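# Examination of the molecular architecture
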Amino acid sequence: MRILLTGGAGYIGSHTAVVLTQAGHEVVILDNFCNSQRSVLERLKSILGKGLLCIDVDVRNTASVSKALRDYQIDAVIHFAGLKAVGESVQNPLKYYANNVQGSISVLQAMQEVGIKTFVFSSSATVYGDPKYLPYDEDHPTQPMNPYGWTKLQVEEILHDLSKSDPQWKISCLRYFNPVGAHDSGLIGEDPNGIPNNLMPFISKVASGELPQLNIFGNDYLSKDGTGERDYIHVMDLADGHMAALDFLSNNSGWHAINLGTGVSTSVLELVEAFEGVIHKKLPKEFVERRPGDLPIYYAKVDKAKNTLGWEAKRSLQDMCRSSWDFKKKNLSPAQ
Ligand code: NAD
Ligand code: WQD
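### A word on the overall build of the chain
- Tallying secondary structure elements over the chain gives 11 helices and 13 strands in all.
- Against the globule reference of 20 Å for 336 residues, the chain gives a C-alpha radius of gyration of 19 Å, in line with a compact fold.
- Residue burial in the chain is summarised as follows: out of 336 residues, 55% are buried.
- In the chain, the proportion of contacts linking residues at least 24 apart, taken out of those at least 6 apart, comes to 78%.
- A total accessible area of about 14,600 Å² is found for the chain, and carbon and sulfur atoms account for 48% of it.
- Taking the average place of the 33 positive charges on the side chains of the chain and the average place of its 38 negative ones, the gap between the two points comes to 4 Å.

### Thoughts on the sheet that holds strand S2 (residues 26-31)
- Read across the sheet, 7 strands follow the order S3-S2-S1-S4-S5-S6-S11 without closing on themselves; strand pairing throughout is parallel. Only two strands of the sheet have a single neighbouring strand rather than two, namely strand S3 (53-56) and strand S11 (254-260). Strand-to-strand twist in this sheet, taken as the mean axis angle between neighbours without regard to direction, amounts to 20 degrees.
- The strands touched by helix H1 (residues 11-22) within the sheet are strand S1 (2-6), S2, strand S4 (76-79) and strand S6 (170-176), with S1 carrying the most contacts at an inclination of about 170 degrees.

### Digging into the nonpolar core
- Among the nonpolar cores identified, the biggest contains 40 residues, and Leu5, Leu20, Leu44, Ile78, Leu260 and Leu309 are the most heavily contacted of them.
- Counting residues per element, this core draws most heavily on helix H8 (residues 235-251), which supplies 10 residues.
- Look past the residues within four positions of Ile78 in its chain and what remains in contact with it is Ile3, Leu4, Leu5, Thr6, Thr16, Leu20, Val120, His242 and Leu246.
- Ranked by size, the runner-up nonpolar core spans 27 residues in total, among them Leu30, Ala110, Val155 and Ile171.

### A word on the site of ligand 1
- Every one of the 27 residues lining ligand 1 counts as a neighbour, but Asp31, Asn35, Ser36, Lys84 and Tyr148 are closest to it.
- Between ligand 1 and the protein, one listed contact pairs an oxygen atom with a backbone N or O atom of Tyr11 at 2.8 Å.
- The side chain of Lys152 places a nitrogen or oxygen atom 2.9 Å from an oxygen atom of ligand 1.
- About the coverage of ligand 1: the protein hides 95% of its 820 Å² of free accessible area.
- When residues in the shell around ligand 1 are grouped by element, the largest group, 3 residues, is from strand S5 (residues 118-124).
- Here the shell around ligand 1 is composed, by residue class, of 13 nonpolar, 10 polar and 4 charged.

### Thoughts on the environment of Gly149
- Here Gly149 shows up in helix H6 (residues 147-165).
- With 125 residues separating them along the chain, Gly149 and Ala274 place their C-alpha atoms 29 Å apart.
- Excluding residues that lie within four positions of it along the chain, Gly149 makes contacts with Thr126, Val127 and Pro144.

### Some thoughts on the packing of aromatic side chains
- A full pass over the atoms with the stated rule returns 5 aromatic pairs.
- Ring centres of Tyr136 and Phe177 lie 6.2 Å apart, and the angle between their planes is 50 degrees; on these two criteria the pair is classed as tilted. Taken together, the residues span a long stretch of sequence, with Tyr136 in the loop between S5 and H6 and Phe177 in the loop between S6 and strand S7 (178-180) at a distance of 41 residues.
- Here Phe177 falls in the buried class, since its relative accessible area comes to 5%.
- Taking the centre distance of 6.0 Å and the plane angle of 70 degrees together, the rings of Phe275 and Trp325 count as edge-to-face. A residue pair is termed long-range when its members are at least 10 positions apart, and Phe275 in helix H9 (residues 268-279) and Trp325 in helix H11 (residues 317-330) qualify at 50 residues.
- What makes Phe275 buried here is its relative accessible area of 0%.
- Here the aromatic residues Tyr128, Tyr136, Phe177 and Tyr298 are joined through ring pairs into a cluster of three or more.

### Some thoughts on the confidence of the model for the chain
- Here the chain averages 97 in pLDDT, and 99% of its residues register 70 or above.
- Mean pLDDT values over the elements of the chain span from 96, in helix H4 (residues 86-91), up to 99, in S4.

Rules used in this analysis
Residues numbered from 1 in each chain as written. Chains lettered and ligands numbered in written order. Predicted model: local features only at pLDDT ≥ 70, side-chain atom pairs only at ≥ 80, totals over all residues. Heavy atoms only, no water. Helix = DSSP H or I, 4+ residues; strand = E, 2+ residues; numbered from the N terminus. Rg over C-alpha atoms; globule rule 2.2 N^0.38 Å. Buried < 20%, exposed > 50% of the residue type's maximum accessible area, 1.4 Å probe, protein only. Contact = heavy atoms within 4.5 Å. Areas by Shrake-Rupley, 256 points an atom, 1.4 Å probe, with all protein chains shown as cover. Lys, Arg positive; Asp, Glu negative; His and termini not counted. Charge placed at Lys NZ, Arg CZ, Asp CG, Glu CD. Pairing = 2+ DSSP bridges. Axes fitted to C-alpha atoms, helices over the stretch in contact; angles between N-to-C directions. Core = buried A, V, L, I, M, F, W, Y, C linked by side-chain atoms within 4.5 Å. Near = heavy atom within 4 Å. Polar contact = N/O pair within 3.5 Å; in protein donor to acceptor, adjacent residues only side chain to side chain. Nonpolar A, V, L, I, M, F, W, Y, C, P; charged D, E, K, R; others polar. Phe/Tyr/Trp six-rings, centres within 6.5 Å; stacked < 30°, edge-to-face > 60°. pLDDT = per-residue confidence, 0-100.

So, in structure tokens, the structure goes:
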């Protein structure tokens, strides 16, 4: 298949590009590099032994997206392109609705114009909001707690309406839990600028000495050890999940929301301990106030992915920590 990956230069997109290419698919990346580096393309070339086609364009440029779909005779689109910083979405909601919702509409309009109807969407567990029960299954009520989450839910709704209007559409909304880890080569991974918002990149920067200590947000939650619990999933498992979704859609039309997680709930302290086990040293850490807006615990029910996609996560917490650390060691800032 020829697959267009919008946002394919980003963290999850680049790992998915590797998995799809190595499985024999032809991948074209479309990205405006607002949150990724062009050097990712060279790194992908080193991993794959061949370069991937890349179009430097904003997804909101519908004419350019249509042209790409036509020029490269694309069969399916995986739409990763989006902004993902929850805090920034609260400060600047219009930026998020414009990029994530308008951007998705633009890609879908281009697809409709060209007659391509297979679409995989990067959704998020954040669409569920405050848990009414756990693990979240796909029928759990959806009530996002921030504008970022609403952009994901709104696009899901648009996709649902689209599939009802034309039964030929084949749509999968993949609700990712907490993606972490990196490709085994250590060449691609998650590399946020400055102080990371997310736990794993923060731990990596403490381990490398780029940050002095880990601040653990709260130790008085009603959780296994008082710290927050999440469902961390290895980014390579997530990438495999996208291929499974495309395989599934080749035989199934309609709209399908599917959780991609491990079904395992891990506390902050458990993740830190696993990381310390990998690097054979203790990390400086301190308990601080809860982070506003954080949920105490959430994790996925993964039966639907298993039953419909025939996919389940295989990699362990140690694999996630080891690959994150390998990536960090290969990508230390010049001062380190
Ligand atoms: P990322 O920021 O690393 O990758 C997103 C890519 O999209 C970047 O390369 C960026 O330059 C590009 N992009 C953004 N807006 C664009 C636009 N208007 N036109 C063209 N390109 C654009 O993020 P990621 O972690 O790889 O996430 C990929 C997708 O998965 C996002 O939609 C995100 O919301 C979603 N998601 C991520 C997580 C997570 O924790 N990483 C969890 C759930 C869902
Ligand atoms: C995990 C746990 C923190 C940093 C966010 C988005 C969500 C999704 C994934 C896209 C929590 C604790 C963290 C730190 C800490 N993205 N923590 N010290 O909050 O589950 O999800 O990313 O869809 O929408 O909200 O992930 O990695 O930020 O936090 O103690 O320095 O680690 O309190 O319990 P989160 P996270």
